[in-house]
Amino acid sequence: TENTLKVYNVQTSFLDDEPHIIGFPYPKVEGTPTFKFRDLLIPKKKKGHFRTQGPISKAGLFGMDKFPEGSKKSITITEGEYDALSIYQITDGYTAGVSVSSSSSAKRDIRENWEYINSFEKIVFAFDADIAGQNALKEVISMFDFKKVYICDLSLYKDANDYLQKSKHKELYDAWHGAKRYSPSDIISDFK
């Protein structure tokens, strides 16, 4: 919604009265704003579809500047900017919706912002349901105390924004609300 875009200060450039480029602002790095741009005229997966202005590798998580450390009971980490917006919107701002820059940078993004993420009582991962998203999830999930970590199962569609695009608002909310606590499969009980 327009209100969600305003909360995150997402900017849209128009060409012939049609959205042309979407600008997602990342936290400032040493006084320099970093933007990740999405060109809507170039189809996804083609070179130039995404580009950045500023050092994206040190830009932090998309949306983290909107939620001070520990300011909400939970933080939900997605794999895309639209997905962070979707989670924020579907929960009416109950959770801090943030995003890594991509599945390939997830481990770096999470590691560099570990203290910020860990300041929240509950950490919900809502990564894409595709292979890249699930592999990224496996890389980052064990970085936190497993008692704080929850997994949002988005297997009905590819990602959180797909739910909204298909008008599956209730299903997305139910998936987020029903996130299951992470249970490491390699824990062996020493109870005798």
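Refer to the structure above for everything that follows.
**Details of the overall build of the protein**
- What the protein contains, in helices and strands, is 7 helices and 9 strands.
- Taken over C-alpha atoms, the radius of gyration comes to 17 Å for the protein, in line with the 16 Å a tight globule of 192 residues would show.
- Judged by the C-alpha coordinates and their principal axes, the protein covers about 70 × 40 × 30 Å.
- Put simply, the protein has 192 residues, and 46% of those count as buried.
- If you take every contact in the protein between residues at least 6 apart in sequence, the share linking residues at least 24 apart comes to 57%.
- Here the protein displays about 10,700 Å² of accessible surface, and carbon together with sulfur accounts for 50% of that area.
- If you average the places of the 27 positive and of the 27 negative side-chain charges in the protein, the two averages end up 3 Å apart.

**Some words on helix α2 (residues 81-90)**
- Most of α2 is tucked away, with 8 of its 10 residues classed as buried.
- For α2, the complete set of buried residues consists of E81, D83, A84, L85, S86, I87, Y88 and I90.

**Let's talk about the pairing of strand β5 (residues 74-78)**
- Counting buried positions along β5 gives 5 out of 5 residues, so the element sits mostly inside the fold.
- Neither face of β5 is exposed, since S74, T76 and T78 on one face and I75 and I77 on the opposite face are all buried.
- Both β5 and strand β7 (residues 122-126) contribute to a ladder of 5 bridges, which runs parallel. Within β7, the residue paired with I77 across the bridge is F125.
- Where β5 lies against strand β6 (residues 96-99), 4 bridges are found, and the strand directions are parallel. Bridge pairing links I77 to V98 in β6.
- The parallel pair β5 and β6, bridged by α2, forms a crossover whose chirality is right-handed.

**Considerations on the side chain of D128**
- Here D128 lies in the loop between β7 and α5 (131-140).
- Its relative accessible area of 5% is what places D128 among the buried residues.
- Within the local environment of D128, its side chain forms a polar contact with the side chain of K158, the two groups lying 2.8 Å apart.
- Sequence-distant contacts of D128, that is, excluding residues within four places in its chain, are made with E79, D83, G133, Q134, K158 and D159.

**Some details on unusual backbone geometry**
- Despite not being glycine, D16 has its phi angle at roughly 55°, a positive value.
- As for its placement among the helices and strands, D16 is situated in the loop between β1 (11-15) and β2 (18-29).
- Despite not being glycine, D17 has its phi angle at roughly 65°, a positive value.
- By secondary structure assignment, the location of D17 is in the loop between β1 and β2.
- Using a relative accessible area of 72% as the deciding quantity, one classes D17 as exposed.

**Let's talk about the packing of aromatic side chains**
- Applying the stated criterion across every chain yields a total of 15 aromatic pairs.
- Ring geometry for F24 against Y82: centres 5.2 Å apart, planes inclined by 90°, an arrangement best described as edge-to-face. Of the two residues, F24 is situated in strand β2 and Y82 in helix α2; the sequence distance between them amounts to 58 residues.
- According to the relative accessible area criterion, Y82 is partly exposed, its value standing at 23%.
- Summarising the aromatic geometry, the rings of F125 and F144 are spaced 6.4 Å apart at their centres and angled 45° between planes, so their arrangement reads as tilted. Of this pair, F125 sits in strand β7 while F144 sits in the loop between α5 and β8 (149-151); the two residues are 19 residues apart in sequence, bridging distant segments of the chain.

Reading guide: rules and limits
- Note on numbering: residues in each chain are counted from 1, in written sequence order.
- Local features in this predicted model are restricted to residues whose pLDDT is 70 or higher, and side-chain atom pairs enter the listing and the counts only when it is 80 or higher, whereas totals over whole chains, interfaces and linings include all residues.
- Excluded from the side-chain calculations are hydrogens and water; all other atoms, namely the structure's heavy atoms, are used.
- Put simply, DSSP H or I for four residues or longer makes a helix, DSSP E for two residues or longer makes a strand, and each gets a number counted from the N terminus.
- The reference for a compact globule is 2.2 Å times residues^0.38; the radius of gyration itself is calculated from the C-alpha atoms.
- Under the scheme applied here, a residue whose accessible area is under 20% of the maximum for its type counts as buried, over 50% as exposed, and between as partly exposed, the area being computed with a 1.4 Å probe on protein chains only.
- Here a residue-residue contact requires only that any non-hydrogen atoms of the pair lie within 4.5 Å.
- All accessibility values rest on the Shrake-Rupley procedure with a 1.4 Å probe; residue burial counts only the protein chains present in the view.
- Under the counting rule used here, the positive set is Lys and Arg, the negative set is Asp and Glu, and His together with the chain ends is not counted.
- We put the charge of a Lys on NZ, of an Arg on CZ, of an Asp on CG and of a Glu on CD.
- Any two strands between which DSSP finds at least two bridges are classified as paired.
- Here the term right-handed applies to a crossover when the path leading from its first strand over the helix to its second strand runs clockwise, the strands being oriented away from the viewer.
- Throughout this description, a polar contact denotes any pair of N or O atoms lying within 3.5 Å of each other; where both atoms belong to protein, one of them has to be capable of donating a hydrogen while the other can accept it, and for residues adjacent in sequence the pair is counted only when both atoms sit in side chains.
- Working definition: rings of Phe, Tyr and Trp (its six-membered ring) pair if their centres are within 6.5 Å, and the pair is stacked with planes under 30 degrees apart, edge-to-face with planes over 60 apart, and tilted otherwise.

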